[in-house]
Amino acid sequence: MIHVQAVLPVVAEAVDKGGGIFPLQLIGFALGVLGLVFFLGTAVGMIRFPDFYTRMHAAGKGDTLSTMLMLAGFALVTMEDFSLGSWLLVVKIMAIVLFLYITCPTSTHALMRAAFEDDEMPLEEKDLAKRKKK
Amino acid sequence: MIDWFSIVMGTALFLMMIPMVYRIWVGPTPFDRMLAVNVIGTKTAVLLVIIGTLFGRVDMFVDFAIAYALLNFVSAIVVSRYLNRTVSLRDMEEKEKAKEVEA
Amino acid sequence: MYPIIVFILLFLNWIVFSGKFDVFHLGLGIVSCVVVTWLSHDLLFHDRKKGLIARTREAWRFICYIPWITWEVVLANVHVFKLAMTRKGYVEMVPRVVTFKTILKTDFAKFVLANSITLTPGTITMLIRGDTFHIHVMSQFLEDDLLSGLIEQKVAEVFEPGVVNAV
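Let me begin by describing the structure that accompanies this report.

## A word on the packing of aromatic side chains
Phase 1: Evaluated as defined, the whole model comprises 12 aromatic pairs over all chains.
Phase 2: Taking the centre distance of 5.7 Å and the plane angle of 25° together, the rings of F100 of chain C and F133 of chain C count as stacked. A residue pair is termed long-range when its members are at least 10 positions apart, and F100 of chain C in strand β1 (residues 96-101) and F133 of chain C in strand β3 (residues 132-137) qualify at 33 residues.
Phase 3: Given a relative accessible area of 0%, F133 of chain C falls into the buried group.
Phase 4: Each member of the aromatic cluster is reached from another via a ring pair, and the members are F29 and F74 of chain A together with F5 of chain B.
Phase 5: Between K43 of chain B and the ring centre of F39 of chain A, over which it is positioned, the NZ or CZ distance is 4.6 Å.

## Topic: the interface of chain A and chain C
Phase 1: With 38 residues of chain A at the contact, the number on the chain C side is 42 residues.
Phase 2: It is R48, H57 and K61 of chain A that lose the most area in chain A upon contact with chain C, and together they represent 19% of the buried surface on that side.
Phase 3: Where chain A meets chain C, there are 0 salt bridges.
Phase 4: Counting every contact that joins chain A to chain C gives 6 residue pairs in polar contact (both at pLDDT 80 or more).
Phase 5: Residue contributions to the side of chain A that touches chain C peak at 15 residues, all from helix α4 (residues 84-117) of chain A.
Phase 6: Looking at side-chain class alone, the side of chain A that touches chain C contains 22 nonpolar, 9 polar and 7 charged residues.

## Notes on the pairing of β3 of chain C
Residues and elements named next belong to chain C.
Phase 1: With 5 of 6 residues buried, β3 lies mostly within the body of the structure.
Phase 2: Where β1 lies against β3, 6 bridges are found, and the strand directions are antiparallel. Looking at the pairing, T99 lines up with H134 of β3.
Phase 3: With 6 bridges connecting them, strand β2 (residues 123-129) and β3 associate as antiparallel partners.

## Comments concerning the sheet that holds β1 of chain C
Within a sheet, adjacent strands bond to each other through the backbone by hydrogen bonds, running parallel or antiparallel.
Phase 1: What the 3 strands build is an open sheet, ordered β1-β3-β2 (chain C); its pairing is antiparallel. Each edge of the sheet is formed by a strand with only one pairing partner; in this case those strands are β1 and β2 of chain C. Mean inter-strand twist for the sheet, computed between neighbouring axes without regard to direction, equals 25°.
Phase 2: Strands β2 and β3 of chain C of the sheet are contacted by helix α3 (residues 52-77) of chain A, whose axis makes an angle of about 105° with β2 of chain C.
Phase 3: Here α4 of chain A sits on the sheet and contacts β2 and β3 of chain C; the angle it forms with β2 of chain C, its principal contact strand, is near 65°.

What counts and how
Residues take numbers from 1 onward in each chain, read along the sequence in its written order. By the order in which they are written, chains take letters starting at A while ligands take numbers starting at 1. In view of the model being predicted, local features appear only for residues whose pLDDT reaches at least 70, and side-chain atom pairs are presented and counted only at 80 or more, with totals across whole chains, interfaces and linings using the full set of residues. The side-chain figures draw on all heavy atoms in the structure; neither hydrogens nor water molecules are used. Pairing of aromatic rings covers Phe, Tyr and Trp, the last counted by its six-membered ring, and requires centre-to-centre distances within 6.5 Å; plane angles under 30 degrees mean stacked, over 60 mean edge-to-face, and any other angle means tilted. To qualify as a helix, a DSSP run of H or I must reach at least 4 residues; to qualify as a strand, a run of E must reach at least 2; elements of each kind are numbered from the N terminus. The rule is simple: take the accessible area with a 1.4 Å probe, protein chains only, and divide by the maximum for that residue type; under 20% is buried, over 50% is exposed, in between is partly exposed. The rule for a charge over a ring is simple: NZ of Lys or CZ of Arg within 6 Å of the ring centre, and within 35 degrees of the ring normal. Residues are treated as being in contact if the distance between any of their heavy atoms lies within 4.5 Å. What gets called buried area is simply the loss in accessible area from a 1.4 Å probe that two parts show on being joined, summed for both. Within this document, salt bridges are pairs made up of a side-chain nitrogen of Lys or Arg and a carboxyl oxygen of Asp or Glu, the two lying within 4 Å of each other. Here a polar contact means two N or O atoms within 3.5 Å. Within protein one must be a hydrogen donor candidate and the other an acceptor candidate, and residues neighboring in sequence count only if both atoms are side-chain atoms. Here the nonpolar group is Ala, Val, Leu, Ile, Met, Phe, Trp, Tyr, Cys and Pro; Asp, Glu, Lys and Arg are the charged ones; every other residue, Gly included, is treated as polar. A pair of strands is labelled paired if DSSP reports no fewer than 2 bridges between them. Lines fitted to C-alpha atoms define the axes here, with helix axes fitted over just the stretch in contact, and angles between the N-to-C directions of these axes take values from 0 to 180 degrees.

See below:
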């Protein structure tokens, strides 16, 4: 059993060495780890899902949110003080986030449409049942 | 603290790109490969920000990340359009062949 | 009227991405923004008949729409995570293609609707031909959810309030 009073000063000292604002950094760490978890879901889905269209579900959604969360987390982690420069940095990173928010679904749709016009038919229910039996 | 967090995050991100490389390696259709390349490109933008945090020059690396995200989007659009056009060309050739057979 | 708005938007972008506030860099920004505005001011906004107040209201409604769609993205990711990680979710998966007609008129509203459908749980836009949307859906439950038209109504409330009242 680890005592909280013993751990807290160590953490505080470590944070003092690194610089930055403590509660903001904690939120940033949490967001980064959450993004990593969702990206794990995407990676496993890319391997496990049966056909191209279902893999697209994993990639199109997981990619958007995990990238957004990780970038937002790093925007908070790198914020050292509330000066103009660090605010500008946060706004820049948020510009990337906004850009990805618009473009990720668009490129997903473009690939999807290209595949659909290439006579790449999606799996039907019976094909899937056959595959599950194997 | 920030350094250790960046190193752990970057390594984990890099390890999770390996499934995507597997998808590029086996992927049955070209679209699977392009999808995996697209996902890796998006994650590379994040990786650039992480590297910037490690070097302490985030203000510089953020610009690279923006450029990389832009380039990634454009490449996805261009490749999907290209594959699309190639297909219609193939259809055209098949039609021409059918005409020749008829004649 | 509209060229001035385009110039202001471009110059805001310049300030954010340049990050330097001396006279030289701001002057460069003004010169390049004027040139870009002069060359391509007719590209950004399609419908020029709307007034400034209507535009502002539309933008405000769109900003109010963003938190809802972000929450939907989180739900979609939890759904994908569940499908990828558990065995039960994998067995439940029944992909199919659904077609429906939309009530939206303008291109931008259709673009927002297609992106919103892609980001909500279990659905991806495959093809748009005119008014017809072809959508790839993961399961029956999600198909019923999609055909109830909640997303379409939300988007219509943002961009075309007249359409909602008419239907």
